[in-house]
Amino acid sequence: MVFMRFRPQLIASSLCRAPKPSRTLAPPPLAAAAAARRRSLTVILSFSSSYSMAGAAPSEDALRRALAERQAAVDAQAEAVRSLKAAGAKEGVDAAVEALKALKIEAGAAARRLQASVGSGGGAAREEMRQAVVNTLERKLFYIPSFKIYRGVAGLYDYGPPGCAVKSNVLAFWRQHFVLEENMLEVDCPCVTPEVVLKASGHVEKFTDLMVKDEKTGTCYRADHLLKDFCKDKLEKDLTLSPEMAAEFKHVLAVLDDLSPEELGAKIKDYGIVSPDTKNPLSAPYPFNLMFQTSIGPTGLSVGYMRPETAQGIFVNFKDLYYYNGQKLPFAAAQIGQAFRNEISPRQGLLRVREFTLAEIEHFVDPEDKSHPKFADVADLEFLMFPRELQLSGESAKLRKLSEAVSKGTVNNETLGYFIGRVYLFLTRLGIDKGRLRFRQHLPNEMAHYAADCWDAEIECSYGWIECVGIADRSAYDLKAHSEKSGVPLVAHEKFSKPREVEKLVIVPSKKDLGLAFKGNQKMVVEALEAMREKEAMDMKAALESKGETNFQVCTLGKDVVITKKMVSISMEKKMEHQRVFTPSVIEPSFGIGRIIYCLFEHSFYTRPSKSEEEQLNVFRFPPIVAPIKCTVFPLVKNQEFDNAAKVLDKELTAAGISHIIDTTGISIGRRYARTDEIGVPFAVTVDSATEVTIRERDSKQQVRVGIDEVASVVKQLTEGQSTWTDVEFKYPSHIGPQGDQE
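Everything numeric in this text was worked out from a predicted model, so none of it was measured.

(A) Summary view of the overall build of the protein. Scanning the protein from N- to C-terminus turns up 24 helices and 28 strands. Here the protein, with 743 residues, has 51% of them falling under the buried criterion. Split by element, the accessible area of the protein, about 35,900 Å² in all, is 52% carbon and sulfur.

This is the structure:
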């Protein structure tokens, strides 16, 4: 998880391969020379014809094939030159050498076109852009490595003043967009979590990444990252890669998260991937639990963990939250807080860290009714969607209307679709580029066995496509797990106006028999049996009654097991009920705030020339809603009257709750503009009189003249989205004067 798009030149789709001359009998000199000239002419004409007739840029596959064919022609011609020289043919050698030079020129051109094509998705341009962004962010103290004077610790970062402001603004907008607009219940739970909670949720057993070790030094690496880096490096830098191998590497990247430990290890071995630092061989992949373990209390007997997510605090409070909400469904609870993951090899700055901020929502809904009353509000949104069938077929994400994705079942239900739409609106209003935002559906092995559907909002930055928000339908797994472990039923009730006779599926696993048969895997088999839907359960019942045993797939084990008649009882029972008691399903949008902020930094960054055009000026085009400082106030020159006016503005802006900077330095007004543009301040107020001032907009650099008593009101309306700069330009006279940009 497109920065500088290069459109490769058109090339020939095919090239006649010259036959290789015999090594034992050289051709007659004149015939060889003539053949060489014909080959060269054929290559050039073939290329020219294809170039003029082609109607669109060729695919990467066509470019790789063309380069391979040109290189084969070069090899064949080089062999012909060697044969001529060995035969002592003076007349034919010069012509053959000229033909070889022409073929090498064509091969070089084909290589450059391929490099431009693969380079458009990555390479030096992305690295250069990333360094410009990161250098500006660190120099302006948006964020810096933690404990810097002690050489820092990988995966830990400090936010400086402007970074804190951006983060605070993003979280404030998140609260407005989700908590307030959706009437959510916000909670704040401890970071230290007892082991029993995380055992029930499955984190103690399963919250792992696959790790490999340098067999000589013991240095640890994340296995999937090594494979991903290898494939990307080959695709971007190896121009001799065959189209077939290129297709294989692309497929590996598409299904990387779907690979089992054995498949991942086999790929690493097949491709000869070694330790990137020492080139030593690597161990087979094995799981590493990412949670930080601690102890609660002085005895050390009560084990705890630093929470890896904030969701569990909401789940264990479901009973009280349900009561607080008047025992009505659906409802949502939200939490913003720190989470901790002991990453194997942190990298990529704010994108992969060991302590980070999560904003998570748990929307509790009746599993029999996942419609959403406000789905129509987002149904017509159209954006890039990447369902699993496109991933597995090697295609790219495509624009799709949300209503179509839900109606066709690509997105499992309306509530899940509603939150996908709301996430899209949240990210784009923050300033994320719509063209570099897609929603990718999880592949089968990525999803937990209990999940009904799961999508990631991925944002493209210089590191590729980055998962920033996960939106999952987790079914009823979490509440059922905590109900079983705690003994407290976390359920909802639907009261009937009249008693109803209902037929209910009853599945009773025999834990004793399952334990004898499956030992340590008993729990996973029991969970899979209890999670069966009615049709699957009744099919199993019929098979057990007729054959006495049946094969049953347990997703968490990754294989089929044999279930016998004595291991499980399945029946449909009729009873009169006054109410329906059920475990709610959960739709969970989970936001990685640090990742969103970093992608926002990259999407907002651009450069523009100064007036002298001798240097490039850095600018962050933050929308006013997330800008760290909303406006600056510049007295044009050092003057008591102007300074007094600036003090008046300072008080009024503070009273209006508008973050601002008063800059009374003696440098030129243009330099002051450039300095605040570099931290993304959207508006600058220049004081050049006691009654009127100019307000300048950052990106257009346009200015208007406003009365000093109106400044706070105008800036507040702009920063809160109540008016636009176009509205302001229409209302107030434009201004061009000596205080214009002098960058």
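Next comes the rest of the write-up.
(B) Representation of the sheet that holds strand E12 (residues 382–386) in the model. Taken together, 9 strands build an open sheet; the order of strands is E3-E10-E11-E21-E16-E15-E14-E12-E13 and the sheet is mixed. The open sheet has two free edges, formed respectively by strand E3 (185–186) and strand E13 (398–401), since each of these has just one partner strand. On the sheet, helix H5 (residues 161–180) packs against E3, strand E10 (331–340), strand E11 (355–365) and strand E21 (585–592) and is oriented at approximately 160° with respect to E10.

(C) Main features of the nonpolar core. The biggest cluster of nonpolar side chains holds 70 residues, and the ones touching the most others in it are Trp-174, Phe-426, Leu-427, Phe-439, Phe-591, Tyr-598 and Phe-601. If one sorts the elements of this core by residue count, helix H15 (residues 414–430) sits on top with 10 residues. Those residues in contact with Phe-591 that lie beyond four places of it in its chain are Trp-174, Phe-178, Thr-357, Leu-358, Ala-359, Ile-361, Val-423, Phe-426, Cys-468, Val-469 and Ile-596. Counting 25 residues, the second largest nonpolar core, distinct from the first, contains Val-693, Ile-708, Val-715 and Trp-725.

(D) A look at the packing of H5 against H15. Direction vectors running N to C along H5 and H15 enclose 145°, while the axes themselves pass 11 Å from each other. Crossing angle aside, the handedness with which H5 passes H15 is right-handed. Counting all contacts with H5, which are made through Val-170, Phe-173, Trp-174, His-177 and Phe-178, the residues of H15 involved are Arg-422, Val-423, Leu-425, Phe-426, Arg-429 and Leu-430. Its residues assigned to classes, the contact of H5 with H15 shows 8 nonpolar, 1 polar and 2 charged.

(E) Just the packing of aromatic side chains, in detail. On inspection of all chains with the given rule, the structure shows 28 aromatic pairs. Judged by centre distance (5.4 Å) and plane angle (15°), the rings of Phe-230 and Tyr-271 are stacked. Here Phe-230 is found in helix H8 (residues 223–237), whereas its partner Tyr-271 is found in the loop between helix H10 (261–270) and strand E7 (286–289), with 41 residues between them in sequence. Residue Tyr-271 is classed as buried on the basis of its relative accessible area, which comes to 14%. Between the aromatic rings of Tyr-463 and Tyr-598, the centroid separation amounts to 6.1 Å while the plane-to-plane angle is 50°, which identifies the pairing as tilted. Here Tyr-463 is found in the loop between strand E15 (453–461) and strand E16 (464–473), whereas its partner Tyr-598 is found in helix H20 (residues 593–604), with 135 residues between them in sequence. Given a relative accessible area of 17%, Tyr-463 falls into the buried group.

(F) Region of the structure containing the pattern of salt bridges. Using the criterion set out here, one finds 41 salt bridges in the structure. Two residues, Glu-458 and Arg-438, come together in a salt bridge whose shortest N-O distance is 2.8 Å. Of the two residues, Glu-458 is situated in strand E15 and Arg-438 in strand E14 (residues 437–441); the sequence distance between them amounts to 20 residues. Residue Arg-438 is classed as buried on the basis of its relative accessible area of 13%. The partner of Arg-671 in a salt bridge is Glu-615, with the nearest N and O atoms 3.1 Å apart. Here Glu-615 lies in the loop between strand E22 (605–609) and strand E23 (616–620) and Arg-671 lies in helix H22 (residues 669–677), a separation of 56 residues in the sequence. Among the ionic contacts, a cluster of salt bridges with common partners joins Asp-209, Arg-222, Asp-224, Glu-343 and Arg-352.

(G) Structural detail: a positive patch on the surface. Where like charges cluster on the molecular surface, the positive patch consists of Lys-199, Lys-206, Lys-485 and Lys-523. Among the structural elements, Lys-199 can be located in helix H6 (residues 195–201). Residue class for Lys-199 comes out partly exposed when judged on its relative accessible area of 41%.

(H) How the structure looks around the sheet that holds strand E28 (residues 703–707). Overall, mixed pairing links the 5 strands, which are arranged E25-E24-E26-E27-E28 in an open sheet. What marks the edges here is a single partner per strand, and that holds for strand E25 (660–662) and E28. In this sheet, neighbouring strand axes are inclined to one another by 25° on average, regardless of whether the strands run parallel or antiparallel. The pairing of strand E24 (residues 631–635) with strand E26 (residues 683–687) spans 5 bridges and is classified as parallel. Pairing of Thr-632 across the sheet is with Ala-684, part of E26. Docked against the sheet, H22 engages E24, E26, strand E27 (692–697) and E28, running at close to 165° with respect to E24.

Analysis parameters
- Residues numbered from 1 in each chain as written.
- Predicted model: local features only at pLDDT ≥ 70, side-chain atom pairs only at ≥ 80, totals over all residues.
- Heavy atoms only, no water.
- Helix = DSSP H or I, 4+ residues; strand = E, 2+ residues; numbered from the N terminus.
- Buried < 20%, exposed > 50% of the residue type's maximum accessible area, 1.4 Å probe, protein only.
- Areas by Shrake-Rupley, 256 points an atom, 1.4 Å probe, with all protein chains shown as cover.
- Pairing = 2+ DSSP bridges.
- Contact = heavy atoms within 4.5 Å.
- Axes fitted to C-alpha atoms, helices over the stretch in contact; angles between N-to-C directions.
- Core = buried A, V, L, I, M, F, W, Y, C linked by side-chain atoms within 4.5 Å.
- Left-handed = near helix turned anticlockwise from the far one by under 90°.
- Nonpolar A, V, L, I, M, F, W, Y, C, P; charged D, E, K, R; others polar.
- Phe/Tyr/Trp six-rings, centres within 6.5 Å; stacked < 30°, edge-to-face > 60°.
- Salt bridge = Lys/Arg side-chain N within 4 Å of Asp/Glu carboxyl O.
- Patch = residues over 30% accessible without salt bridge, like charges linked within 9 Å, V, L, I, M, F, W, Y side chains within 5 Å.
- Lys, Arg positive; Asp, Glu negative; His and termini not counted.
- Charge placed at Lys NZ, Arg CZ, Asp CG, Glu CD.

On their own, these measurements won't tell you what the molecule is for.
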